[in-house]
Amino acid sequence: QVQLVESGGGLVQPGGSLRLSCAAPESIFSSYGMNWYRQVTGKQREWLAGTTNRGRPNYADSVKGRFTVSRDNAKNTFFLQMNSLKPEDTAVYYCNARLLGNDLWGQGTRVTVSS
């Protein structure tokens, strides 16, 4: 079974930063577009940002200017740098790999923004 492995979540104060990582098998990372989503309990999963397999990034308006995605092709790892975090950013964050409608998901990593 293909696995995407997220890491980097935790507790951070408002205004702080976190960087999430998503490690993927090379066969997936080199071909699939990569995305970050988040989900608050009781709400739909929200797309935040992503890149094509060539690395072109796109962002949801809700995080544009605060969150940045990047890819380390040598390590087959996808990152989400989150700055100026707000309490409303509290959620479980998921890594997604997508190719031609085929979706792969990680297990999620929890981010809590609180003082």
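All residue numbers here refer to positions counted from 1 along the written sequence of the relevant chain. The model is predicted, so local features are restricted to residues of pLDDT at least 70 and side-chain atom pairs to those at 80 or more, both for listing and for counting; the totals for chains, interfaces and linings are taken over all residues. The side-chain numbers reported here are obtained from all heavy atoms of the structure, hydrogens and water having been left aside.

**Some remarks on unusual backbone geometry**
In this model, Asn-76 sits at a positive phi of 50 degrees, which is unusual for a non-glycine residue. Only DSSP runs of H or I reaching four residues or more are called helices, and only runs of E reaching two or more are called strands; each is numbered from the N terminus. By secondary structure assignment, the location of Asn-76 is in the loop between strand E7 (67–72) and strand E8 (77–82).

**Details of the nonpolar core**
The set of buried Ala, Val, Leu, Ile, Met, Phe, Trp, Tyr and Cys residues whose side-chain atoms join them within 4.5 Å is what this entry labels a nonpolar core. For every residue, the accessible area (1.4 Å probe, protein chains only) is compared with the maximum for its type, and the residue is labelled buried under 20%, exposed over 50%, or partly exposed between those bounds. Core analysis: the biggest nonpolar cluster contains 28 residues, and Trp-36, Phe-67, Phe-78, Leu-80, Met-82 and Tyr-93 have the highest contact counts within it. Elements represented by at least two residues in this core include exactly strand E3 (18–23), helix H1 (26–29), strand E4 (33–39), strand E5 (46–51), E7, E8, strand E9 (91–99) and strand E11 (109–113). In contact with Met-82, other than residues within four places in its own chain, are Gly-16, Ser-17, Leu-18, Leu-20, Arg-66, Phe-67, Tyr-93 and Val-111. The criterion used for residue contact is that any of the two residues' heavy atoms lie within 4.5 Å.

**Brief notes about the pattern of salt bridges**
When a carboxyl oxygen of Asp or Glu is within 4 Å of a side-chain nitrogen of Lys or Arg, the pair counts as a salt bridge. Summed over all chains, the structure comprises five salt bridges. For Arg-38, the salt bridge identified is with Asp-89, shortest N-O distance 2.8 Å. Here Arg-38, found in strand E4, pairs with Asp-89, found in the loop between E8 and E9; they are 51 residues apart in sequence, far enough to count as distant. The burial state of Arg-38 is the same as that of Asp-89; both residues are buried.

**Quick word on the packing of aromatic side chains**
Stacked, tilted and edge-to-face are the three classes applied to pairs of Phe, Tyr and Trp rings, where Trp contributes its six-membered ring and a pair requires centres within 6.5 Å; stacked means planes under 30 degrees apart, edge-to-face means over 60, and tilted covers the rest. If you walk through the whole model with that rule in mind, you get two aromatic pairs. With centroids separated by 5.8 Å and ring planes inclined at 15 degrees, the aromatic side chains of Trp-36 and Phe-78 adopt a geometry described as stacked. In this pair, Trp-36 is assigned in strand E4 and Phe-78 in strand E8, connecting sequence segments 42 residues apart. By relative accessible area, which is 0% here, Trp-36 ends up buried. With relative accessibility at 0%, the residue Phe-78 sits in the buried group. Ring geometry for Tyr-37 versus Trp-105: centroids 4.9 Å apart, planes at 65 degrees, classification edge-to-face. Separated by 68 residues along the polypeptide, Tyr-37 in strand E4 and Trp-105 in strand E10 (residues 102–105) bring together distant segments of the chain. As a reminder, the over-ring test applies to NZ of lysine and CZ of arginine, requiring each to be within 6 Å of the ring centre and within 35 degrees of the ring normal. The cationic tip of Arg-45 hangs over the ring face of Trp-105; the distance from NZ or CZ to the ring centre is 4.6 Å. The residue whose ring lies beneath Arg-71 is Phe-29, and the NZ or CZ to ring-centre distance is 4.2 Å.

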